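Report on the structure
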Amino acid sequence: MGKVMQAFLKGFSTVLNSKRIWFFQYAMNLLFALFIAYPLSKLLSKVAGNSLTIDQAIGNFNYTIINDFLQNYGLGIEAIKSQSVIVFIIYFCLLVFFNAGIIHVAQRFPGAYKFRDFLAGGAEYFWRFLRLSIYFLIIYLLLIFLAFKIVTIEGLSPFKLENELGLISRARIVIVILLILFFILNAISDIIKVFITRSRDTYITRSIVMGMSFFKKHFLKFVSLALLQLGLLLLITGSYLIFRKFSNGSPNWFFLVFLIGQFFIMFRIGLRIWRLSSVYQLILRV
Amino acid sequence: MITRVATILLFCLSSSCLLKGQTISPRIANYKIQVELDVDQKTLKGSQKIIWQNISTDTIKELRFHLYYNAFKNDQSTFLKNGGRDGFLSNSEFGWTEVFSFIDSDDTQLVGNSYYDPVDDGNVKDQTVLVIPLASPIMPLGLGEFEMEWKAKIPKIMVRTGYNKDFYFFAQWFPKLGVYEPAGMRYATKGQWNCHQYHSSGEYYSDFGNYNVSMTLPRNFIVASSGDLLSKRDEGEMTVWNFSVEDVIDFTWSCSPHFVSEQRVHNGVKLKYYSYPYKTHFADRYFNTLSFTMDYLNDHLGPYPYPTLSIVDAPLHGIFCGGMEYPTLISSISFCFLPKGVRVAETLIAHEYIHQYFMQLIATNETEEPWMDEGITTYYEGRIMDALYEGNRASIDVLGFKVGNAEFNRTEFFGSSNIKIAPNTRKSWEFEDGGYSSISYNKTAIWLKTLEGLLGIEKMDEIMKEYFLRWKFKHPCKNDFVDIVNEISGTDMHWFFDQVLEDVLVCDYAVDYAWSVENEETGTYYSSVIVHRLGEMKIPVEVRMSFEDGSQRLEEWDGEAPSFRFSCNENSKLVSAEIDPDRKIYIDKNFINNSYSIKKSKSIKHYFNRFLMNTQQALEAFNFII
Ligand SMILES: [Zn+2]
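Remember, predicted model here, so these are calculated numbers, not experimental data. (Residues numbered from 1 in each chain as written. Chains lettered and ligands numbered in written order. Predicted model: local features only at pLDDT ≥ 70, side-chain atom pairs only at ≥ 80, totals over all residues. Heavy atoms only, no water.)

Across its full length, chain A holds nine helices and zero strands. Counted from the first residue to the last, chain A has its helices and strands arranged as α-α-α-α-α-α-α-α-α. Dimensions of chain A, computed from C-alpha atoms along their principal axes, come out at roughly 60 × 55 × 35 Å. The burial tally for chain A puts 50% of its 286 residues in the buried class. By sequence separation, contacts in chain A at least 24 residues apart represent 78% of the contacts at least 6 residues apart. (Helix = DSSP H or I, 4+ residues; strand = E, 2+ residues; numbered from the N terminus. Buried < 20%, exposed > 50% of the residue type's maximum accessible area, 1.4 Å probe, protein only. Contact = heavy atoms within 4.5 Å.)

Judged by side-chain charge, Asp106, Asp107, Glu147 and Glu149 of chain B come together as a negatively charged surface patch. Mapped onto the secondary structure, Asp106 of chain B falls in the loop between β4 (96-104) and β5 (115-116). (Patch = residues over 30% accessible without salt bridge, like charges linked within 9 Å, V, L, I, M, F, W, Y side chains within 5 Å. Areas by Shrake-Rupley, 256 points an atom, 1.4 Å probe, with all protein chains shown as cover. Salt bridge = Lys/Arg side-chain N within 4 Å of Asp/Glu carboxyl O. Lys, Arg positive; Asp, Glu negative; His and termini not counted. Charge placed at Lys NZ, Arg CZ, Asp CG, Glu CD.)

Residues and elements named next belong to chain B. Over its twelve residues, helix α9 (residues 478-489) extends 17 Å from the first C-alpha to the last, a length consistent with the 16 Å expected when each residue adds 1.5 Å. Within α9, nine of the twelve residues are buried, leaving the element largely enclosed by the surrounding structure. Immediately downstream of α9, the backbone of Gly490 shows phi near 70°, a positive value. (Expected span 1.5 Å × (residues − 1).)

Residues and elements named next belong to chain B. Taken as a whole, this structure holds 86 aromatic pairs over all chains when the rule is applied. Taken together, a centroid distance of 6.0 Å and an interplanar angle of 25° make the contact between Trp557 and Phe564 stacked. Taking the relative accessible area as the measure of exposure, Phe564 reaches 36% and is therefore partly exposed. Within the aromatic cluster, the residues linked to one another by ring pairs are Tyr31, Trp150, Tyr163, Tyr168, Phe170, Trp173, Phe174, Tyr211, Phe221, Phe251 and Trp253. Seen from the ring of Tyr205, Arg186 lies directly overhead, with NZ or CZ sitting 5.2 Å from the centre. Lying across the ring of Phe591, Arg410 places its NZ or CZ 3.9 Å from the centre. (Phe/Tyr/Trp six-rings, centres within 6.5 Å; stacked < 30°, edge-to-face > 60°. Lys NZ or Arg CZ within 6 Å of the ring centre and 35° of its normal.)

Here we come to the interface of chain A and chain B. Across the contact, 77 residues belong to chain A and 64 residues belong to chain B. The interface formed by chain A and chain B includes two salt bridges. Counting every contact that joins chain A to chain B gives 30 residue pairs in polar contact (both at pLDDT 80 or more). Sorting the residues of the side of chain A that touches chain B by element identifies α2 (19-48), α3 (53-56), α4 (63-106), α5 (115-151), α6 (165-197), α8 (219-247) and α9 (254-285) of chain A as the ones contributing at least two each. Here the residues of the side of chain A that touches chain B are counted per class, giving 43 nonpolar, 23 polar and eleven charged. (Polar contact = N/O pair within 3.5 Å; in protein donor to acceptor, adjacent residues only side chain to side chain. Nonpolar A, V, L, I, M, F, W, Y, C, P; charged D, E, K, R; others polar.)

Relative to the elements of secondary structure, Lys427 of chain B occurs in the loop between α6 (405-414) and α7 (436-455). With 388 residues separating them along the chain, Lys427 of chain B and Val39 of chain B place their C-alpha atoms 37 Å apart.

Residue and element names in this part refer to chain B. For the structure on display, the rule yields 37 salt bridges over all chains. Two residues, Arg383 and Asp461, come together in a salt bridge whose shortest N-O distance is 2.8 Å. Taken together, the positions of Arg383 in helix α5 (residues 370-388) and Asp461 in helix α8 (residues 457-471) put the pair 78 residues apart, joining distant regions of the chain. On the accessibility criterion, Arg383 (11% relative accessible area) is buried. In the salt-bridge network here, residues are joined through shared partners; they are Glu181, Arg186, Glu368 and Glu369.

A few words on the domain arrangement of chain B. One can read the domain layout of chain B as domain 1 (2-156 + 168-216), domain 2 (370-500) and domain 3 (509-601). Here the C-alpha centre of domain 3 of chain B lies 58 Å away from the C-alpha centre of domain 1 of chain B. (Domains from an automatic or database assignment.)

Here we come to the confidence of the model for chain B. Looking at chain B, pLDDT values average 93 and 96% of them are 70 or higher. A low-confidence stretch, residues 1-20 of chain B stays under pLDDT 50, and its non-local contacts, those more than four residues away or across chains, total 31 contacts. (pLDDT = per-residue confidence, 0-100.)

In this section: the nonpolar core. One finds Leu63, Trp173, Trp253 and Tyr380 of chain B to be the most contacted residues of the largest nonpolar core, which totals 252 residues. Here this core gets 18 residues from one element, more than from any other, and that element is α4 of chain A. If we skip the residues at most four places from it in the chain, Trp173 of chain B touches Ile33, Val35, Leu44, Tyr69, Trp150, Val213, Phe251, Thr252 and Trp253 of chain B. (Core = buried A, V, L, I, M, F, W, Y, C linked by side-chain atoms within 4.5 Å.)

Take the sheet that holds strand β26 (residues 525-533) of chain B next. Residues and elements named next belong to chain B. Strand order in this open sheet of three strands is β25-β26-β29, and the pairing throughout is antiparallel. Two strands in the sheet have a free side with no partner beyond their single neighbour: β25 (509-518) and β29 (563-570). Each neighbouring strand pair of the sheet contributes to a mean axis angle of 15°, computed without reference to strand direction. Alignment of β26 against β29, held across eight bridges, turns out to be antiparallel. Residue pairing for β29: His532 is matched across the bridge by Ser563. (Pairing = 2+ DSSP bridges. Axes fitted to C-alpha atoms, helices over the stretch in contact; angles between N-to-C directions.)

This paragraph deals with the sheet that holds strand β22 (residues 329-332) of chain B. Hydrogen bonds between backbone atoms are what pair the strands of a sheet, whose relative direction is either parallel or antiparallel. Residue and element names in this part refer to chain B. What the five strands build is an open sheet, ordered β18-β19-β20-β22-β21; its pairing is mixed. Only two strands of the sheet have a single partner each, and these edge strands are β18 (260-266) and β21 (324-326). This sheet shows a mean twist of 15° between the axes of neighbouring strands, independent of strand direction. The sheet contact formed by β18 and strand β19 (residues 269-275) spans seven bridges and is antiparallel. Bridging from a neighbouring strand, Ser261 pairs with Tyr274 of β19. Lying over the sheet, helix α3 (residues 283-300) contacts β18, β19, β20 (308-313) and β22, oriented at roughly 30° with respect to β18.

Attention shifts here to the coordination of the zinc ion. Residue and element names in this part refer to chain B. Of the protein atoms, only His351 (NE2), His355 (NE2) and Glu374 (OE) coordinate the zinc ion, at distances of 1.9 to 2.0 Å. Here the donor residues of the zinc ion are spaced in sequence according to H-x3-H-x18-E. In this pair, His355 sits in the loop between α4 (344-354) and α5 while Glu374 sits in helix α5, placing the two residues 19 residues apart along the sequence. Overall, His355 belongs to the buried group, its relative accessible area being 0%. (Donors = N, O, S within 2.8 Å, 3.2 Å for Na, K, Ca; no water.)

Nonpolar side chains collect at one region of the surface, where Ile134, Ile138 and Leu142 of chain A lie side by side and expose about 270 Å² of accessible area between them. For Ile134 of chain A, the location among the structural elements is in helix α5.

All names here are of chain B. Put simply, the second largest pocket is a space of about 1200 Å³. Lining the second largest pocket we find 48 residues, and of these Gly323, Leu348, Tyr436, Ser437 and Tyr441 sit closest to its centre. Taken together, the elements giving at least two residues each to the lining of the second largest pocket come down to β21, α4, α5, α6 and α7. Tallied by class, residues from the lining of the second largest pocket come to 18 nonpolar, 19 polar and eleven charged. (1 Å grid on protein atoms, 1.4 Å probe; cavity = no way out; pocket = protein on both sides within 12 Å on 5 of 7 lines; lining within 4 Å. Points joined across faces, edges and corners; volume = space filled by probe spheres on them.)

Moving on, we get to a positive patch on the surface. Residues and elements named next belong to chain B. On the surface, Lys573, Lys599, Lys602 and Lys605 cluster together to form a positively charged patch. Tracing the chain through its elements places Lys599 in the loop between β31 (595-597) and α11 (603-620). We classify Lys599 as exposed; its relative accessible area is 68%.

Residue and element names in this part refer to chain B. Tallying each qualifying case throughout the model produces six cavities of 30 Å³ or more. As a volume, the second largest cavity reaches approximately 80 Å³. If you trace the second largest cavity, you find 14 residues lining it, with His66, Tyr68, His196, Glu203 and Thr367 closest to the centre. Among the residues forming the lining of the second largest cavity, the class breakdown is five nonpolar, eight polar and one charged.

Encoded structure:
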């Protein structure tokens, strides 16, 4: 457990040591979000900026106004929707690039690094990381498909089902199992990422096999580390959600809501750096 | 008019003759049915005595019966072909009814001369209307007594009726008489049978009468039924259940060996709830909603006149019988996997109970005028559910997502693919390209709420009370409803009905622009508001101008011209203008353009903040999978 804690804390030192990388990723997140949020609020301002309904709908979910907006000004939304798909795809690739850069830089810790090392690392391992991400994405989708098949093993036709109780209890069990599997796969994928950066192989198969057997060998340690990270994420997310609920609808809280929202997203990005670096640190220690 | 008065006179006379005393309904079509259920063969064997009262001055030479089960006889029936359901049932799952004996009071067998008449579309494969010519006509104000023997194959449930596994729901299950409309009744210019084929939309139109029904079925089965249980006795492996109900337009029952039941009494009405063991926890939700709905309609329309009401909560494999309304028996749908805040069960039970008034007590013709049945019911569903769950949360209230009932219906209508698909007056089977529910249910509810806005809720309640009082146990049509609105409101509202009922117009009023200029000499402000009529519908509207000092000015506009300008000189600067500020015109398709604030809303930055943060979180969510 000592090694896990050490790795966890070292990971945090890496985060503090990578402020530029951290801020750069936050800036990119903000920039990409702006590509969606700005046209959306521009459209809202144009079609409803002078309407009194816009004030009535703030702070609580207003089904009538949302639907009137979508039904009467939906064309504008359609254009933003297709733009959003592109933004999300590019950001996905960017995240792959960032993760590669983070692990590359984490390996230099506690020595000095240059920002260009982060970019160089991202570039060097991008395609391999992308392949890994796609493989895992496929695995996740297959698991979801399998889970759906198990839940609906008796079919979905109300004509054939005796009642919905079987469906409900199977769904409950399968969702729990699925969450555990996703958690474990996420932990394995982080280890594989480190192995990829330590290998000169163009193919990632060997890194995948090595990463998996490494995880199996040190199962408890890596699971403990991942649990620590998950606990922290849940704690901060919970606090943030409580704050949002509390501040919901109060126009006077605008700057505070904005500020805390930005702190929260920075925390999430920082946690990603923390997660990857502490996995690297744990690999070094076991 | 003379014919109508004569009809009413005859109607009263005949009722008292037939039933020896004051009755609440005319008791025209009366049935005593004995039916045997064969659960292995999935068949019903029935014999029924029919007493039919001719309330007209016409001599009746034939009787017309609905054989509803023949809609499931082959996939070329009008029901299956036009309902887009051909291929749904396999050969063993089809259903049918065959009448093999029909004897009059002179012991004459009449079935030999009977024939099917596809009155609506001429489809010879459709056998849902049986005509039986009479050997001895029924004389004016005369009584006809007949004995009928029939057999039916129960269809597998696909809609409203049938069996699945060991759950049975018997709706439209016995040969039922159509309605004979004497000249002057509804749209009849001469005496005629109104007995349409069974279509996939719209099913009700029948006469009031008394029912006494005995069902013989296996001993382990429990029966939920219209009316009250008179007796129950075992006969070998079978049990005979005998139910009776008076002054209703139909009789429905359901059975299953798994039924568990619970009874409560509300306002002297015995409420009998039948469900499956795994979903009995819905009982309180049903009873609570029902009690509120019953009280509401009792106060706003009049009393529910029957001693019982059965509620069937169908199991999952029987859900296609759920959400149905029959006299003194209603069915619902509930799903255990839905959160409590999704109020499907509550909405349905309220809706189906309201049908006890609109279709059962005020026995309109759903086949020809579905809006008078489903539309008025949906209007009351909105009023009742939104009163029960205040704050726009009657339909959904889950994790901050709140949706009210009336607003849900409004959105359903405006969200439909073509809001001009058909006028409200279209017959139910003529909605061939869709739109039946969005027009008959949703649009009607919206324009009734608009009528309520125009006349005021007190006047609306007065109208509906009078409509109930005057037309309960009768068959009103559109004109009767419009006449009462005009009479009670003291205004000719034809201009309104012409637009919302007969036409397919869109209503959209908007404030286009507003401004205010200071007159430096006088220190007053010259303010103007430009309003537009963007839709074709013309309704008088109010325009409210709000000023900086908090004062307001309410203007009226007849809503006729495509646009109009209001101007005024006031001591204060105009801040905003709003058309229809009290949302009386609920049929307006866009509430966003109903107001104009001279200064842009400060809320935009909050929305921007929200959009931005949510997008940021969503982008970072990829982190969980890569
Ligand atoms: Zn209905």
